[in-house]
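# Fold and contact review
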Amino acid sequence: MVIDAIQRDILGARGFPVGNYALFAEQAENLFMPATLFALDEYGIPIQTAEALRNVLMPADALDDVLKRLGSLNIQQLQLSGFEREIMRDVIGNLFPRIGLPS
């Protein structure tokens, strides 16, 4: 991560002890969300919606696990707004075209 490399260069060049900010930088990059949950943004699920789904999608070790759970969700039972449900229908319909979610 860039922040880790910068502090190592600057502090190390001046003889100060350097830290290891790699974990913090990674977490900050993912907005302190699990990487597997944050990755849903790349599939079209807004970060806020992914966060609202945390309890039904996590824990998960890999993105594939999250996507499998996503495909098995009953969207109507989720505490989401109508707009979020529509987004979820679109995303799930594109990821799993055979599921055929009702409108």
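Residues numbered from 1 in each chain as written. Predicted model: local features only at pLDDT ≥ 70, side-chain atom pairs only at ≥ 80, totals over all residues. Heavy atoms only, no water.

We now examine the overall build of the chain. When you go through the chain residue by residue, the secondary structure sums to seven helices and zero strands. Starting at the N terminus and ending at the C terminus, the chain contains elements arranged as α-α-α-α-α-α-α. Computed over C-alpha atoms, the radius of gyration of the chain comes to 19 Å, more than 25% over the 13 Å expected from 2.2 N^0.38 for 103 residues, which places it beyond the range of a compact globule. Residue pairs at least 24 apart in sequence account for 35% of intrachain contacts in the chain once pairs closer than 6 positions are excluded. Of the roughly 6900 Å² of accessible surface on the chain, a fraction of 55% belongs to carbon and sulfur atoms. The averaged location of the 13 negative side-chain charges in the chain is 4 Å from the averaged location of its 8 positive side-chain charges. (Helix = DSSP H or I, 4+ residues; strand = E, 2+ residues; numbered from the N terminus. Rg over C-alpha atoms; globule rule 2.2 N^0.38 Å. Contact = heavy atoms within 4.5 Å. Areas by Shrake-Rupley, 256 points an atom, 1.4 Å probe, with all protein chains shown as cover. Lys, Arg positive; Asp, Glu negative; His and termini not counted. Charge placed at Lys NZ, Arg CZ, Asp CG, Glu CD.)

To continue, consider helix H7 (residues 82-95). Because each turn of an α-helix spans 3.6 residues, side chains separated by three or four positions in sequence point in the same direction. The terminal C-alpha atoms of H7 lie 20 Å apart, and with 14 residues this matches the ideal 20 Å at 1.5 Å per residue to within 8%. For H7, the complete set of buried residues consists of Glu-84, Arg-85, Ile-87, Met-88, Arg-89, Val-91 and Ile-92. On its buried face, H7 sits against helix H4 (47-52) and helix H6 (63-71). (Expected span 1.5 Å × (residues − 1). Buried < 20%, exposed > 50% of the residue type's maximum accessible area, 1.4 Å probe, protein only.)

In this section: a nonpolar patch on the surface. Judged by side-chain polarity, Met-1, Ile-3, Tyr-21, Phe-24 and Phe-32 come together as a nonpolar surface patch covering roughly 530 Å² of accessible area. If you trace the backbone, Tyr-21 turns up in the loop between helix H1 (2-13) and helix H2 (22-29). Overall, the relative accessible area of 41% leaves Tyr-21 in the partly exposed class. (Patch = residues over 30% accessible without salt bridge, like charges linked within 9 Å, V, L, I, M, F, W, Y side chains within 5 Å. Salt bridge = Lys/Arg side-chain N within 4 Å of Asp/Glu carboxyl O.)

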